[in-house]
Amino acid sequence: MLSVGDQFDVSYAGNKKVTCVCLAGRKFARLMAVLQRLQDSSDSIEADLFDNGIPEALGICLGDTSKAEHMWENEITLRDAIEILTNAVGGHVLSDDQIKK
C-alpha cells in the first residue's frame, strides 16, 4: 500500500513511463476535480482547462510543476495527459501486486 509522498511509476502511450507521487487529501481532490471537468467536457475542452488545469494536475501528480509544464508543452498529447492522470489515480487505489494480477 502506498503512503503519502511515495513514488510510483505510471505507464502511458504503450511503453512510456513517468514517476508520480502519492497524494494527500486536498491534492488528490484537486486532481479528481480536473478529471471530472475533463469527463464533463465531452467534445470540447475549455481553454482554461486545457491551458491551466491539465498542466496543474500533471504537476500535482508528478510532484514537479516545471517538469509537468515541459512535458505538456513539448512531449505529450492530450490523450497521453489524460492517460497519465487516470493511471495515477488508479495507482493510488491499487498496489503494484494488485495491478499485475
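The preceding data block contains the structure.
Remember, predicted model here, so these are calculated numbers, not experimental data.

Cut-offs used in this document
Residues numbered from 1 in each chain as written. Predicted model: local features only at pLDDT ≥ 70, side-chain atom pairs only at ≥ 80, totals over all residues. Heavy atoms only, no water. Helix = DSSP H or I, 4+ residues; strand = E, 2+ residues; numbered from the N terminus. Buried < 20%, exposed > 50% of the residue type's maximum accessible area, 1.4 Å probe, protein only. Contact = heavy atoms within 4.5 Å. Areas by Shrake-Rupley, 256 points an atom, 1.4 Å probe, with all protein chains shown as cover. Expected span 1.5 Å × (residues − 1). Arc of directions from axis to C-beta. Core = buried A, V, L, I, M, F, W, Y, C linked by side-chain atoms within 4.5 Å. Salt bridge = Lys/Arg side-chain N within 4 Å of Asp/Glu carboxyl O. Axes fitted to C-alpha atoms, helices over the stretch in contact; angles between N-to-C directions. Left-handed = near helix turned anticlockwise from the far one by under 90°. Nonpolar A, V, L, I, M, F, W, Y, C, P; charged D, E, K, R; others polar.

### Here we look at the overall build of the chain
Line of reasoning, step 1. A count of helices and strands for the chain gives five helices and two strands.
Line of reasoning, step 2. Start at the N end of the chain and walk to the C end: the helices and strands fall as β-β-α-α-α-α-α.
Line of reasoning, step 3. Each of the 101 residues in the chain was classed as buried or not, and the buried ones make up 35%.
Line of reasoning, step 4. Sequence-distant contacts in the chain: of pairs separated by 6 or more residues, those separated by 24 or more amount to 49%.
Line of reasoning, step 5. For the chain, the computed accessible surface area is about 6400 Å², with 48% contributed by carbon and sulfur atoms.

### Concerning helix H1 (residues 25-40)
Line of reasoning, step 1. With 16 residues, H1 extends 22 Å from end C-alpha to end C-alpha; this agrees with the ideal 22 Å at 1.5 Å per step.
Line of reasoning, step 2. Considered for burial, the residues of H1 that qualify are Leu 31, Val 34, Leu 35 and Leu 38. Axial view of H1: buried residues confined to an arc of 95°, hence all on one face. Structural note: H1 exposes Gly 25, Arg 26, Gln 39 and Asp 40 on the side pointing more than 90 degrees away from its buried face.

### Some remarks on the nonpolar core
Line of reasoning, step 1. In this structure, Val 18, Cys 20, Leu 58, Ile 76 and Leu 85 are the most contacted members of the largest nonpolar core, which totals 27 residues.
Line of reasoning, step 2. Broken down by secondary-structure element, the contributors of at least two residues to this core are strand S1 (7-12), strand S2 (16-21), H1, helix H2 (47-62), helix H3 (65-75) and helix H4 (78-93).
Line of reasoning, step 3. A total of seven residues in this core trace back to one element, the largest contributor, which is H2.
Line of reasoning, step 4. If we skip the residues at most four places from it in the chain, Leu 58 touches Ala 68, Trp 72, Ile 76, Ala 81, Ile 84 and Leu 85.

### Let's talk about the pattern of salt bridges
Line of reasoning, step 1. Tallied over the entire structure, the rule returns one salt bridge.
Line of reasoning, step 2. Among the salt bridges present, the one from Arg 30 reaches Glu 56, with a minimum N-O distance of 2.7 Å. Here the residue Arg 30 occupies a position in helix H1, and Glu 56 occupies one in helix H2, the gap between them amounting to 26 residues.
Line of reasoning, step 3. Given the relative accessible area of 27%, Arg 30 is considered partly exposed.

### Focus on the packing of H1 against H2
Line of reasoning, step 1. Two numbers describe how H1 lies on H2: the axes approach to 10 Å, and their chain directions differ by 145°. Of the two elements, H1 crosses H2, and the hand of that crossing is left-handed. Where H1 abuts H2, its residues Lys 27, Arg 30, Leu 31, Val 34, Arg 37 and Leu 38 lie against Asp 48, Leu 49, Gly 53, Ile 54, Glu 56, Ala 57, Ile 60 and Cys 61.
Line of reasoning, step 2. Taken together, the residues that form the contact of H1 with H2 break down as eight nonpolar, one polar and five charged.

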